[in-house]
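# Architecture and fold: a report
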Amino acid sequence: MTTVGVIGLGYVGLTLAVALAKKGLTVHGVDTSPAVLEALGQGRAHLFEPGVEGGLRAFLGERIHVAPALPAGGVDAAVICVSTPVAPDTHAPQLDNLRLAARHVAERSGPDTLVIVRSTVPVGATRSVVLPELVACWGRARLAFAPERTIQGQALRELEELPQVVGGVDAESREAASALFSRLARRVVPVATLETAELVKLVNNAHTDVIYSFGNEVALLAQRWGLDPLEVIRAANVEYPRPDLARPGFVGGGCLSKDPYILISAARGAGYTPWLVGQARALNERLPLEVAERLIALIRETRGSTEGARLCVLGWAYKGWPPTDDMRGAPIASMLPLLRAAGLSLRGHDFLVAADTLRGLGAEPVTPEAGFAGADAVLLTSNHPEYASLDLTRLLATLRRPAVLYDAWRVLDEDVVRSAGVRYAGIGYG
Ligand SMILES: NC(=O)c1ccc[n+]([C@@H]2O[C@H](COP(=O)([O-])OP(=O)(O)OC[C@H]3O[C@@H](n4cnc5c(N)ncnc54)[C@H](O)[C@@H]3O)[C@@H](O)[C@H]2O)c1
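Residues numbered from 1 in each chain as written. Predicted model: local features only at pLDDT ≥ 70, side-chain atom pairs only at ≥ 80, totals over all residues.

Domain parsing of the protein chain yields domain 1 (3-194) and domain 2 (202-430). Domain 1 and domain 2 are separated by 33 Å when their C-alpha centres are compared. Tallying the contact residues gives 16 residues for domain 1 and 16 residues for domain 2. Taken together, the residues of the side of domain 1 that touches domain 2 sort by class into nine nonpolar, six polar and one charged. (Domains from an automatic or database assignment. Contact = placed C-beta atoms within 7 Å. Nonpolar A, V, L, I, M, F, W, Y, C, P; charged D, E, K, R; others polar.)

Structural data, given as structure tokens:
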């Protein structure tokens, strides 16, 4: 196998394209977005993922080709990495991109092309959505599902380090897909069916969501007794040989904010409504609102009114570690309507999210220093490590008084904040 088509060049597809090119394969990347094609054609990554832009530049025009369509002569394998969102209102999975990508592969390749679905899909969708498109054109198909499970911000490394789970429509497809992924990763985990591999992806992410939600539940519980949730969690975990409690924190991102819904929808289709998955998601989605309401109440308590108060929000991406520019499922997005309704004037800083994005969301982009200067409140929503190394004493001195600092990840020095005469709070705390 020498040529691989990658359909959909976002966080998953572009990273995979670079990883495959590094292993000596020729990659034909395809995307429907003119903006994506234009950026990539100039050797510019349209997203932040360490190592990806360098890899793109190294191989563009040689081992990586970017175009709106696969080459007319087809490819040996085609990996479908298109977005599979859920509807904003109903959370129903939207599979049009998947269907169109499969149709495109069917039109531009042939029955010997190995097709691998990498997008996250409801259990059964590879068989019910992709397979019919291929069979309609080719009469038969070599088809596999191999979920993407890397973490954004360390994806190139994890593509090699994480075991690759592979299911096939038949044994030959599974083995061919396993052979491709074993050129990339140290370990391949073959599973019995397409559906097994689809479910692996969904339960991995739903499990993460459930585990984190319980840390958040503990925080909201501890708050009711005025206890420090971190003290409770740390003490509970000390040399306790049962599963650890997670620290409280926001749970967002493109995957965790939708995959539990994809799982619920698929399960309902199979006659089962999960008990935990929806509750965990609801709690994790409630958390940013809880934080915004608490922050607004604290500003009102300290200042008398929130109208016109200046709030600096540090960290707009959905997470700070590993760093990303991705705002899908970012906690700040659901907080903004409450913050605006309270009449707060917003400034914002993020190490990777573009200034224009912050402006578009109604915040004046600033440095952390300018954000603190004259602010009535600071909200740290991100665990980006550089926030923990800010010169806090100097910055706190520039706040207006009275002031509030809401440290959602508890990464700043609480004693320094309090001794500067600033009110300190965190999730379920203060
Ligand atoms: N981002 C992650 O870390 C991650 C991790 C695991 C799984 N996934 C899953 O992988 C898939 C892709 O995620 P992503 O984060 O890369 O999304 P993304 O939005 O960053 O990229 C998807 C790309 O697909 C393109 N596209 C859409 N329809 C197309 C079509 N018919 N033909 C060609 N291109 C098309 C879009 O223009 C976009 O550039 C999703 O199913 C997601 O759930 C993502």
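Moving on from the model shown.
Turning our attention to the site of the ligand. As a matter of local geometry, the ligand sits amid 25 residues, with G8, G10, V12, N97 and S119 nearest to it. The set of elements that each furnish at least two residues to the shell around the ligand consists of α1 (11-22), α4 (96-108) and α10 (253-256). Here the shell around the ligand is composed, by residue class, of eleven nonpolar, twelve polar and two charged. (Near = placed C-beta within 6 Å. Helix = DSSP H or I, 4+ residues; strand = E, 2+ residues; numbered from the N terminus.)

Once that is clear, we can look at the nonpolar core. What tends to happen in soluble globular proteins is that the nonpolar side chains get buried as a cluster. Core analysis: the largest hydrophobic core is formed by 77 residues, its most contacted members being V6, A17, I80 and L98. Here this core spans two domains, and each of domain 1 (3-194) and domain 2 (202-430) adds at least three residues to it. In contact with L98, not counting residues within four places along its chain, are I80, V82, T84, S119, V121, A125, V129 and V130. (Core = buried A, V, L, I, M, F, W, Y, C linked by C-beta atoms within 7 Å. Buried ≥ 20, exposed ≤ 12 C-beta atoms within 10 Å, placed from the backbone.)

Residue position: A101 is located in helix α4. Classification of A101 as buried rests on a count of 29 C-beta atoms within 10 Å. In this structure, the C-alpha to C-alpha distance between A101 and A21, residues 80 residues apart in sequence, is 21 Å.

Looking now at the pairing of strand β2 (residues 26-30). In terms of residue burial, β2 counts as a mostly covered element, since four of its five residues are buried. Summarising the sheet, strand β1 (residues 3-7) and β2 pair through five bridges and their orientation is parallel. Residue pairing for β2: I7 is matched across the bridge by V30. Following the backbone out of β1, through α1 and into the adjacent parallel β2, one traces a crossover that is right-handed. (Pairing = 2+ DSSP bridges. Right-handed = clockwise from strand over helix to strand, strands pointing away.)

Let us now look at α4. Under the 1.5 Å per step criterion, the end-to-end length of α4 is 18 Å for 13 residues, consistent within 8% with the ideal 18 Å. Those residues of α4 not exposed but buried are L98, A101, A102, H104, V105, A106 and R108. In the core, the buried residues of α4 are packed alongside β1, β4 (77-80), β5 (114-117) and α5 (125-138). (Expected span 1.5 Å × (residues − 1).)

Okay, unusual backbone geometry next. A cis amide bond links W321 with the next residue in sequence, P322, at an omega value of -15°. Looking at the secondary structure, you find P322 in the loop between β9 (310-314) and α13 (331-341). Note the cis peptide between R401 and P402, where omega equals -5°. With respect to the helices and strands, the residue P402 is situated in the loop between α17 (392-396) and β13 (404-407).

Bringing the packing of helix α8 (residues 194-224) against helix α12 (residues 277-303) into the picture now. Direction vectors running N to C along α8 and α12 enclose 55°, while the axes themselves pass 8 Å from each other. The pairing of α8 with α12 is recorded here as oblique in orientation. In the packing of α8 onto α12, the handedness of the crossing is left-handed. Seen from α8, the contacting residues are A206, D209, V210, Y212, S213, N216 and E217; seen from α12, they are V277, A280, R281, L283, N284 and L287. (Axes fitted to C-alpha atoms, helices over the stretch in contact; angles between N-to-C directions. Parallel < 35°, antiparallel > 145°, perpendicular 65-115°, else oblique. Left-handed = near helix turned anticlockwise from the far one by under 90°.)

This part is about the sheet that holds strand β14 (residues 423-425). Strands belonging to one sheet form pairs held by backbone hydrogen bonds; the direction of such a pair is parallel or antiparallel. Strand order in the open sheet made by the six strands is β11-β10-β9-β12-β13-β14, with parallel pairing throughout. At either end of the open sheet lies a strand with only one pairing partner, and these are β11 (364-365) and β14. Both strand β12 (residues 377-380) and β13 contribute to a ladder of four bridges, which runs parallel. Directly across from L380, in β13, lies its bridge partner D407.

Here eight strands make up an open sheet; going across it, the order is β3-β2-β1-β4-β5-β6-β7-β8 and the pairing mixed. One side of each edge strand has no neighbouring strand; the edge strands of this open sheet are β3 (64-67) and β8 (188-190). Between one strand and the next, the sheet's axes are offset by a mean angle of 25°, whatever the strand orientation. In the sheet, β1 pairs with β4 via four bridges, with the strands oriented parallel. Counted as the bridge partner of V4 is A77 from β4.

Turning our attention to α12. Over its 27 residues, α12 runs 40 Å from end to end, which matches the ideal 39 Å to within 8%, given 1.5 Å per residue. The largest bend in α12 is about 30°, located at L287, with the proline P288 one to four residues further on. Three or more residues of α12 are buried, namely V277, A280, R281, N284, L287, P288, V291, A292, L295, I296, L298 and I299. Contacts from the buried residues of α12 go to α8, α11 (259-269), α13, β12, β13 and β14. G304, located one to two residues past α12, shows a positive phi value of around 95°. (Bend = angle between axes of the 7 residues up to and from the residue.)

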